[in-house]
Amino acid sequence: MAERDFLSFCRHVDKKHPVEAQHVRVLAHKLEQVAKYILTDGKEGISRLMVFMPPRYWKSQTASRKFPAWLLGKNPDLRIILTSYNADLASKHSKAVRDYLQSDEYSQVFGALASTAEPVELDPESKASASWDIADRRGGMQATGVGGGITGFGANLFIIDDPVKGRKEASSETVREDSFEWYKSTAYTRLEDHGAIVVIQTRWDVQDLSGKLLNAMVSDEDADQWDVVFMPAIAPEADEYPKNHEEFVENLLGGVFLPMGGDQLGRAPGEALWPQKHDLQALRIKKANMDDFEFAAQYDQMPKLAKGNFFDEDDFDIVPRAPEGLRWYRYVDLALGKTQQSDFNATAAVAMDRKGDEFIRDMVKERSLDLFLGSLKALMLSDAEEGTIWGIEDNAFQSLVVKQFLAGPSLAKIPILGMTRKSSDGDKTQGAQPWRMRAKQGKVKLVRGPWNLSFLRTATAFPNGRNDDEIDTVSGGNQMIADNVSGTGKTASSEAIVVTAESLFEGAMT
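Below is a summary of the structure that appears in this document. (Residues numbered from 1 in each chain as written. Predicted model: local features only at pLDDT ≥ 70, side-chain atom pairs only at ≥ 80, totals over all residues. Heavy atoms only, no water.)

1. Observations concerning the overall build of the protein chain
Working step 1: Within the protein chain, the secondary structure is distributed over 17 helices and 14 strands.
Working step 2: Looking at the protein chain residue by residue over its 510 residues, the buried ones come to 54%.
Working step 3: Of the contacts made within the protein chain by residues no fewer than 6 positions apart, 74% connect residues no fewer than 24 positions apart.
Working step 4: As displayed, the protein chain offers around 23,100 Å² of accessible surface, 47% of which is attributable to carbon and sulfur atoms. (Helix = DSSP H or I, 4+ residues; strand = E, 2+ residues; numbered from the N terminus. Buried < 20%, exposed > 50% of the residue type's maximum accessible area, 1.4 Å probe, protein only. Contact = heavy atoms within 4.5 Å. Areas by Shrake-Rupley, 256 points an atom, 1.4 Å probe, with all protein chains shown as cover.)

Okay, here's the thing in structure tokens:
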């Protein structure tokens, strides 16, 4: 039974493994489907699996320690890479797998004590806990920290267990971007044909690695599609689950997974996940002694953006599209920085309908000025922005760059306005205050897109966050609407005047 059935294997090698717990049984079944995908060369099973469970609920013991040992017993030629937020933790998982292979219990199933002609045993030359091989076979395991190099080693199974150490790292945009870049450029490239990936994570943040992968599922048609084991400590209320596919997609765009059809275990709302460990009263005590923000992330696997002191996440509605016939304005906020810590260059399209509802769509932001100006030019010339009025702050520092950008004739018919921002005293909150009050009344709508989540994060951190570019470009667009700006800088009904780089930035070199 231990050879054929993964849960039986877990019980055989570890008598304490809680195989009777429902969430462990669901996880074990999904992992068996991952094994099937690998063992059938991709003909059946699951190739991409995410596991979201509370801390200390045996997810790592099951998926990162016993599953690799069982899988290598099924096929000792497989290569496995295991990563975690640092090399030490990854090495501990790897050592645990190696220890199982050296145990009598394992030998009874797959090794010398089993009735097999080719026992699965550790290579006696494999001394390191972070890198070892199977004797006389091609299989083995390598462990490293997220962000570390993985050279000369492919993976039939790639496990990423807890890629983020804690709240501090999860709140760092640099750490989040670095881990996602590592996943795309290093981890993913090590995967063998018909290889599988398992991501095990406490959901610290909506833009953590899992959040970005969930977002990609619905924002990029070619992105990997993931199966998700979603096991919150307390079953959500019925109205929290998506009622239709559109709501399901909106959650994914926000970096949050909530399954269609309700709880994956069929629990009633408010029911505890593992009463034998934490009954409802114990969970309530935990919640009372933790910040709601932290409990939602760590125990309910539904990370939320922190409440802001200027904007809140709930201030903004996300809508599938804007009404037809609106006049769109785009203010271009140029940062002109040259380092990875520089502010972003950004622009967003802003419009207002007859009811006074303000719509924001298609935010573009980029740290590299060269890349941003290239995207900006393409955007100005695109059919989607036909009729858009553009505004660029007219001061000597920015004008020097933009003058060169606009020198070509291709933008000659684009209405571009030189603007003097009214919040020129440097108080960003002054420029954002008018549309902040509109947002508090539910009258600011975000047109659904992959940029929504980044904007919400910036908004809830404003004005104390590191970056305010997304807020500033909306403030500029809002000012353009309020002024009903024209090429002359006048208000009211003046027609927009098409200007050239030379006329707009004349004298910028002096």
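2. Topic: the nonpolar core
Working step 1: The biggest cluster of nonpolar side chains holds 59 residues, and the ones touching the most others in it are F9, V34, F67, L157 and V198.
Working step 2: The element best represented in this core is helix α2 (residues 22-39), accounting for eight residues.
Working step 3: If we skip the residues at most four places from it in the chain, F67 touches F6, L31, V34, A35, T62 and L157.
Working step 4: Membership of the second largest hydrophobic core comes to 32 residues, among which are W182, I197, L209 and V256. (Core = buried A, V, L, I, M, F, W, Y, C linked by side-chain atoms within 4.5 Å.)

3. Here's the deal with the pattern of salt bridges
Working step 1: Considering all chains together, one arrives at 25 salt bridges under this definition.
Working step 2: A salt bridge links D315 to K440; the shortest N-O distance between them is 2.9 Å. Taken together, the residues D315 in the loop between α11 (292-298) and β8 (317-319) and K440 in helix α14 (residues 428-440) connect sequence positions 125 residues apart.
Working step 3: With relative accessibility at 38%, the residue K440 sits in the partly exposed group.
Working step 4: D362 is paired through a salt bridge with R361; the nearest N and O atoms lie 2.9 Å apart.
Working step 5: Shared partners join several salt bridges into a network, and the residues in it are D77, E118, R137 and R138. (Salt bridge = Lys/Arg side-chain N within 4 Å of Asp/Glu carboxyl O.)

4. So, the sheet that holds strand β3 (residues 131-133)
Working step 1: With mixed pairing, the seven strands of this open sheet are ordered in space as β3-β4-β2-β5-β6-β1-β7. The open sheet has two edge strands, β3 and β7 (227-230), and neither has a second partner. Across the sheet, the mean angle from the axis of one strand to that of its neighbour is 15°, orientation sign disregarded.
Working step 2: Here strand β2 (residues 79-84) pairs with strand β5 (residues 155-161) via four bridges, running parallel. (Pairing = 2+ DSSP bridges. Axes fitted to C-alpha atoms, helices over the stretch in contact; angles between N-to-C directions.)

5. Some details on the packing of helix α8 (residues 209-219) against helix α9 (residues 245-253)
Working step 1: For the pair α8 and α9, interaxial distance at closest approach is 7 Å and the crossing angle is 135°. As summarised for this structure, α8 and α9 are arranged oblique, according to the angle between their axes. Here L214, N215, M217, V218 and S219 of α8 come into contact with α9, specifically with V249, L252 and L253.
Working step 2: Across the contact of α8 with α9, the residue classes break down as six nonpolar, two polar and no charged. (Parallel < 35°, antiparallel > 145°, perpendicular 65-115°, else oblique. Nonpolar A, V, L, I, M, F, W, Y, C, P; charged D, E, K, R; others polar.)

6. Quick notes on α14
Working step 1: For α14, with 13 residues, the first-to-last C-alpha span of 18 Å sits near the 18 Å given by 1.5 Å per residue.
Working step 2: Considering bend angle alone, the principal kink of α14 is centred on P434 and spans about 45°.
Working step 3: Considering only its buried residues, α14 is in contact with β11 (358-366), β14 (444-447), α15 (452-461) and α16 (469-483).
Working step 4: Positive phi appears at G442, one or two residues downstream of α14, with a value of about 75°. (Expected span 1.5 Å × (residues − 1). Bend = angle between axes of the 7 residues up to and from the residue.)

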